[in-house]
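# Architecture and fold: a report
Listed below, chain by chain, are the residues.
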Amino acid sequence: MTHLYDCRILLVDDNEHILEMLKGMLERKGFSSVKTASCCREAEALFAGYDPELVVLDIMLPDGDGFSLMRRFRLASDAPVLFLSARDQDNDRLLGLGLGADDYIVKPFLPDELALRIAAILKRTYFSTLQYPPESAILSLGRRIVYLDSGVVRTPDGDLPLTAKELALLRKLSDNRGNIVTFDALSDAVWGENYYGYENTLMVHIRRLRSKIEDAPSSPVWLLTVRGLGYKLAKEGEFER
């Protein structure tokens, strides 16, 4: 793995809504490889083929329990385990931690807290120093994640590099996300004070940038044109899907 956000994560819970919510939340945070299972049988099959580097594990499952499942996982791997359970009894917590679990969180929980605990476990387990970008350097655009420090767009089909000018434009738009950035301000961010005459060139770079950050570049939902004024990078939930 090159950094923390490349770590493979397996989520095991019998509640499909929780699985969907957790997977979406982690992907928005920048985690690029997250799989889900809703029962022990499915989790064991995924564990064998996916070889996760962290498991988030519920205790109550339709065909068994998380404690027994963790014991079976431990026969093949030392991947860290975080229990996520509605059971708050001290005995359950002590049993989970006694089996070697790295953390135990009780439902209901704050999604951001869970993300922070996952990051802390991964950092402690696999990274001796901070080798991943700060959250401020990650831009979430639906199914695409932009790493602003390295100028890479992670898409469902692979990684795409941004040119220096595309990255300068996206950084300017990201710094003002949700607000209009004028043509002049964008041109100045790319070409400096002597940007006169670059209006058509700016449009070309915007079009190329859309081809990398939009699922449908001809019908953009993130990089929006504000007619006569400039462009805007939409926030999550600001558009109609």
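Worth saying up front: this structure is predicted, and the values here are computed from it rather than measured.

Reading guide: rules and limits
Residues numbered from 1 in each chain as written. Predicted model: local features only at pLDDT ≥ 70, side-chain atom pairs only at ≥ 80, totals over all residues. Heavy atoms only, no water. Core = buried A, V, L, I, M, F, W, Y, C linked by side-chain atoms within 4.5 Å. Buried < 20%, exposed > 50% of the residue type's maximum accessible area, 1.4 Å probe, protein only. Helix = DSSP H or I, 4+ residues; strand = E, 2+ residues; numbered from the N terminus. Contact = heavy atoms within 4.5 Å. Pairing = 2+ DSSP bridges. Axes fitted to C-alpha atoms, helices over the stretch in contact; angles between N-to-C directions.

## Quick notes on the nonpolar core
- If you look at the biggest cluster of nonpolar residues, it comprises 28 residues, and the most contacted ones within it are Ile 9, Phe 31, Leu 114 and Ile 118.
- Of all the secondary structure elements, the ones that give two or more residues to this core are β1 (8-12), α1 (16-29), β3 (54-57), β6 (81-85), α5 (111-126) and β9 (144-147).
- With 6 residues, α5 is the largest single contributor of residues to this core.
- In this structure, Ile 9 is in contact with Leu 26, Phe 31, Ser 33, Val 34, Lys 35, Tyr 50, Leu 54, Ile 118 and Leu 122, ignoring residues within four places of it in sequence.

## Observations regarding unusual backbone geometry
- The amide bond that connects Lys 107 to the next residue, Pro 108, takes the cis arrangement and shows omega of -10 degrees.
- Along the chain, Pro 108 turns up in the loop between β7 (103-106) and α5.
- Within the chain, Asp 51 stands out as a residue other than glycine whose phi angle is a positive 50 degrees.
- You can see Asp 51 is positioned in the loop between α2 (40-50) and β3.

## Section: the sheet that holds strand β11 (residues 158-161)
- Here 4 strands make up an open sheet; going across it, the order is β8-β9-β10-β11 and the pairing antiparallel. The open sheet has two free edges, formed respectively by β8 (138-141) and β11, since each of these has just one partner strand. In this sheet, adjacent strand axes meet at a mean angle of 20 degrees when their direction is disregarded.
- Pairing analysis gives 3 bridges linking β9 to strand β10 (residues 152-155), with the strands arranged antiparallel. Note that in β10 the partner of Val 146 across the bridge is Val 153.

## Points about the sheet that holds strand β14 (residues 230-233)
- Across the sheet, which stays open at both edges, the 3 strands sit in the order β12-β14-β13 with antiparallel pairing between neighbours. Each of the sheet's edge strands pairs with one partner strand only, and the pair in question is β12 (180-182) and β13 (223-226). Taken over all neighbouring pairs, the strand axes of this sheet differ in orientation by 35 degrees on average, direction set aside.
- As paired elements, β12 and β14 share 3 bridges and run antiparallel to each other. Opposite Thr 182, over in β14, you have Gly 230 as the bridge partner.

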